[in-house]
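Topology and contacts: notes
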Amino acid sequence: AAALNTNERFSQFVRQNNMQNNPDAMRLHRDFSSREGITNRIEPVYPFTKLDAKELGVDNTEGNNNVIGLRINYAAKKPEDAQRTVALLGRYTMDTIVYLIYSDMLRFKRAEISSKIIKLDNDIILSKEKLEKTLRKGEDLKKIVSRYPDAANQSARQVISVTEDNARFLSPVSQLMSTEVETSEIKEDIHKAQREKQQNLLLLEYYDGAKILTDGSKSGEAILHALEPLKTAVFKSKNLADDAVQEIYNRISIENQNSINLYLEKSRFIAGPSLPENRSARLTITLALSILAGLALSIFFVTVRNWSRNNILKLRD
């Protein structure tokens, strides 16, 4: 509501769409600059309560939403002017809602991905340290086995699970095999973290471009339609034969397509903008017409009275 009622936001929208000389936009500028603003022009439409839905027999699947729509009205000298102004105000309202949603969402995702990349860096560092420790342990076990060949035939104590405390009760060969398995698992964890970091770096590059879009444009619709060309530019020099790259490319494509479909579904006029069935005149026009009608009736009454009086005098003569 705060963004919709701001004259500065509307001025940005007008400049973005090159409508500085549009008479409907100039008319709305006066409303935005007034004390009331456009608060009385846009009315939120709330969903039925569960009790209302039950009584009326309507679907209340969206009953948890705070506002399900907006009702826009505008009065002007000509009904056609009001109709065009309602359409412009509706377009501005939808554009503002989309801009607020996507500017916040894109900035949040960019910050989230940046934090995730730092976390993955730390995970890789810790895993590499653990890998080096495990490799050193494996090298020491190999030396032990080479010095004590008979240790390979040592029977294992009844150890159910291997921990740092009970691993020493296993034969050196068993410990060496356990170390090699652990080494393989750590390498797999490092590979997984590096792959995830590579994907997040691609996402960060994409959302860095999205931030430039939101900083340079104040139109929600323009930002929404610029996301797909941005994706194409980001992945133009990337190897789409790489599964990790292709996965992120497909994910962004799906998100963009879903965003466009949602925009086309939600941002539309359900009814109108339509002309009123019973056109109402302004109070000043009605008063002026009433005065003219009264004056005409008075003149007619005086004329008829004078004509009647003259005829009566003639008959007397």
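So, here is what we can say about the structure in this document. Please read these numbers as outputs of a predicted model, since none were measured by experiment. (Residues numbered from 1 in each chain as written. Predicted model: local features only at pLDDT ≥ 70, side-chain atom pairs only at ≥ 80, totals over all residues. Heavy atoms only, no water.)

1. Here's the deal with the pattern of salt bridges
The full count for this structure, using the stated rule, is 15 salt bridges. A salt bridge links Asp95 to Arg9, with the shortest nitrogen-to-oxygen separation between them at 2.8 Å. Taken together, the residues span a long stretch of sequence, with Asp95 in helix H4 (residues 79–147) and Arg9 in helix H1 (residues 7–16) at a distance of 86 residues. Assigned by exposure class, Asp95 and Arg9 land together as buried. In this structure, Asp215 engages Arg107 in a salt bridge whose closest nitrogen and oxygen atoms are separated by 3.3 Å. (Salt bridge = Lys/Arg side-chain N within 4 Å of Asp/Glu carboxyl O. Helix = DSSP H or I, 4+ residues; strand = E, 2+ residues; numbered from the N terminus. Buried < 20%, exposed > 50% of the residue type's maximum accessible area, 1.4 Å probe, protein only.)

2. Here's the deal with unusual backbone geometry
A positive phi angle, close to 55°, is found at Asn18, a residue other than glycine. Mapped onto the fold, Asn18 is located in the loop between H1 and helix H2 (23–33).

3. Here's the deal with the side chain of Thr183
Inspection of the secondary structure assignment puts Thr183 in helix H5 (residues 172–216). Not counting residues within four places of it along the chain, the set of residues in contact with Thr183 comprises Leu131, Thr134 and Leu135. (Contact = heavy atoms within 4.5 Å.)

4. A closer look at the packing of helix H6 (residues 220–234) against helix H7 (residues 243–266)
Contact pair H6 / H7: the axes reach a minimum separation of 10 Å and the direction vectors enclose 155°. Our classification of the angle between H6 and H7 gives roughly antiparallel. At the point where H6 passes H7, the crossing takes the left-handed sense. Counting all contacts with H6, which are made through Glu221, Leu224, His225, Leu227, Glu228 and Lys231, the residues of H7 involved are Tyr249, Ile252, Ser253, Asn256, Ser259, Ile260 and Tyr263. (Axes fitted to C-alpha atoms, helices over the stretch in contact; angles between N-to-C directions. Parallel < 35°, antiparallel > 145°, perpendicular 65-115°, else oblique. Left-handed = near helix turned anticlockwise from the far one by under 90°.)

5. Topic: the nonpolar core
Membership of the largest hydrophobic core comes to 23 residues, with the highest contact counts inside it found for Leu106, Tyr207 and Phe235. Non-local contacts of Leu106, meaning those with residues more than four positions away in its chain, are made with Tyr207, Ala210, Thr214, Ile223 and Leu227. In terms of nonpolar packing, the next biggest core, distinct from the first, is built from 17 residues, Ala25, Leu28, Ile72 and Tyr92 among them. (Core = buried A, V, L, I, M, F, W, Y, C linked by side-chain atoms within 4.5 Å.)

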